[in-house]
Amino acid sequence: DNYNEDDLARILDLQVRHRGFRIDEALTREERAALIKAETSPEQRASMNGGLCEHIARNAIIALNEAEVPRVKQLIAQQQPGDPLVSPSVTLLREHLVAGCRKVPKAVGDGGAN
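Residues numbered from 1 in each chain as written. Predicted model: local features only at pLDDT ≥ 70, side-chain atom pairs only at ≥ 80, totals over all residues. Heavy atoms only, no water.

### Digging into the packing of helix 1 (residues 5-18) against helix 4 (residues 51-78)
A pair of packed helices can be characterised by two numbers: the angle between their axes and the separation between those axes.
And then number 1: It is at 9 Å that the axes of helix 1 and helix 4 come closest, and there the two elements cross at 50°. Here helix 4 runs oblique to helix 1, going by the angle between their axes. In this structure, the crossing between helix 1 and helix 4 has a hand that is right-handed. Between helix 1, through Leu-8, Ile-11, Leu-12, Gln-15 and Val-16, and helix 4, the contact on the second element is made entirely by Leu-52, Cys-53, Glu-54, Ile-56 and Ala-57.
And then number 2: Each residue belonging to the contact of helix 1 with helix 4 can be placed in one class, and the counts come to eight nonpolar, one polar and one charged. (Axes fitted to C-alpha atoms, helices over the stretch in contact; angles between N-to-C directions. Helix = DSSP H or I, 4+ residues; strand = E, 2+ residues; numbered from the N terminus. Parallel < 35°, antiparallel > 145°, perpendicular 65-115°, else oblique. Left-handed = near helix turned anticlockwise from the far one by under 90°. Contact = heavy atoms within 4.5 Å. Nonpolar A, V, L, I, M, F, W, Y, C, P; charged D, E, K, R; others polar.)

### Overview of the packing of helix 1 against helix 2 (residues 29-39)
And then number 1: At their nearest, the axes of helix 1 and helix 2 sit 8 Å apart, and the two run at 110° to each other. Compared by their axis directions, helix 1 and helix 2 come out roughly perpendicular. Judged by residue contacts, Glu-5, Asp-6, Leu-8, Ala-9, Arg-10, Leu-12 and Asp-13 of helix 1 engage Arg-29, Arg-32, Ala-33, Ile-36 and Lys-37 from helix 2.
And then number 2: Within the contact of helix 1 with helix 2, the residues separate by chemical class into five nonpolar, no polar and seven charged.

### Some remarks on the pattern of salt bridges
And then number 1: Enumeration over the complete set of coordinates arrives at six salt bridges.
And then number 2: Linking Arg-29 and Asp-6 is a salt bridge whose minimum nitrogen-to-oxygen distance equals 2.9 Å. One end of the pair, Arg-29, is in helix 2; the other, Asp-6, is in helix 1, and 23 residues separate them in sequence.
And then number 3: Of the charged contacts, one joins Asp-13 and Arg-32 as a salt bridge, the two residues approaching to 2.8 Å between their closest N and O atoms. (Salt bridge = Lys/Arg side-chain N within 4 Å of Asp/Glu carboxyl O.)

### Some words on the nonpolar core
And then number 1: In this structure, Leu-12, Val-16, Ile-36, Leu-52, Ile-56, Leu-92 and Leu-97 are the most contacted members of the largest nonpolar core, which totals 24 residues.
And then number 2: Those elements that provide at least two residues to this core are helix 1, helix 2, helix 4 and helix 5 (94-102).
And then number 3: Among the elements that make up this core, the one with the highest residue count is helix 4 (seven residues).
And then number 4: The residues touching Ile-56, leaving out its near neighbours within four places in the chain, are Leu-12, Ile-36, Thr-40, Leu-97, Gly-100, Cys-101 and Val-104. (Core = buried A, V, L, I, M, F, W, Y, C linked by side-chain atoms within 4.5 Å. Buried < 20%, exposed > 50% of the residue type's maximum accessible area, 1.4 Å probe, protein only.)

Have a look at this one:
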């Protein structure tokens, strides 16, 4: 059986947490499910099933890192002795999840969202 979008949203949560990150609490499970449905094709969801969430999580984390590394480098360069340590964000926002979905490989015969 294939997972529905709600199942995939739950699996995505697990994949993200397993990697030491979290999804913005403002983004509800229903919104995450709708995002997965809108940003991936039925062919991708059917062919990859739960594995789709591994791709989304990995690519979303890459998108977050691409934004965070320059920010953290800039903060470190401006840091004064005695300032608290600078740490990167581990929270994935909607924009990171969208980027993650858009980088999921196409399924064979996929004429859908990507």
